[in-house]
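Topology and contacts: notes
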Amino acid sequence: MEEEEQAAKLDRELNAAYRSLRTKLSTEGRAALLTEEQAWLATRNAEPDNEKRAKLVQARVKELNARAAGRWVARHARGAELREALQKPV
């Protein structure tokens, strides 16, 4: 049950970060974010390991929050951050 509660908490954080960034974007930016998020969700949902999935969500929340705050400087940083999250010992 604790794992489910953690997953629900991370989903709430993810949704809040997504909404925060979305409010700062133009119509075109929101459409691009939606497409990006759908692709990211497919990647997350394809990960069978719950702990790795949680790390993916944590990295995504961090990215979305940074972008909303104007601190996200390089698109390629996302890939590096996700790889790093997956390589950390469980």
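Residues numbered from 1 in each chain as written. Predicted model: local features only at pLDDT ≥ 70, side-chain atom pairs only at ≥ 80, totals over all residues. Heavy atoms only, no water.

From N to C terminus, the protein chain includes 4 helices and 0 strands. Along the protein chain, helices and strands appear, N-terminal first, in the series α-α-α-α. Counting across all 90 residues of the protein chain, residues that qualify as buried make up 30%. Looking at the protein chain alone, contacts between residues at least 24 apart form 59% of all its contacts between residues at least 6 apart. On the protein chain, roughly 6,100 Å² of surface is accessible, and the fraction owed to carbon and sulfur atoms is 52%. (Helix = DSSP H or I, 4+ residues; strand = E, 2+ residues; numbered from the N terminus. Buried < 20%, exposed > 50% of the residue type's maximum accessible area, 1.4 Å probe, protein only. Contact = heavy atoms within 4.5 Å. Areas by Shrake-Rupley, 256 points an atom, 1.4 Å probe, with all protein chains shown as cover.)

Of all hydrophobic cores here, the largest spans 13 residues; its most connected members are L14, L21, L33, W40, V57, V61 and L64. Counting only elements with at least two residues in this core, the list comes to helix 1 (2-22), helix 2 (27-46) and helix 3 (50-68). Dropping the residues within four chain positions of it, L21 is found in contact with L33, L64, R67 and A68. (Core = buried A, V, L, I, M, F, W, Y, C linked by side-chain atoms within 4.5 Å.)

Turning our eyes to something else, we now look at the pattern of salt bridges. All told, the structure shown has 7 salt bridges when counted by the stated rule. Put simply, E36 and R60 hold a salt bridge, and the shortest N to O gap is 2.8 Å. Separated by 24 residues along the polypeptide, E36 in helix 2 and R60 in helix 3 bring together distant segments of the chain. An identical accessibility class is assigned to E36 and R60; each is buried. The residue R60 makes a salt bridge to E37 at a minimum N-O spacing of 2.4 Å. Placement of the pair is R60 in helix 3 and E37 in helix 2, with a sequence separation of 23 residues. Residue R60 shares its accessibility class with E37, and that shared class is buried. Connected via shared salt-bridge partners are E36, E37, R60, E63 and R67. (Salt bridge = Lys/Arg side-chain N within 4 Å of Asp/Glu carboxyl O.)

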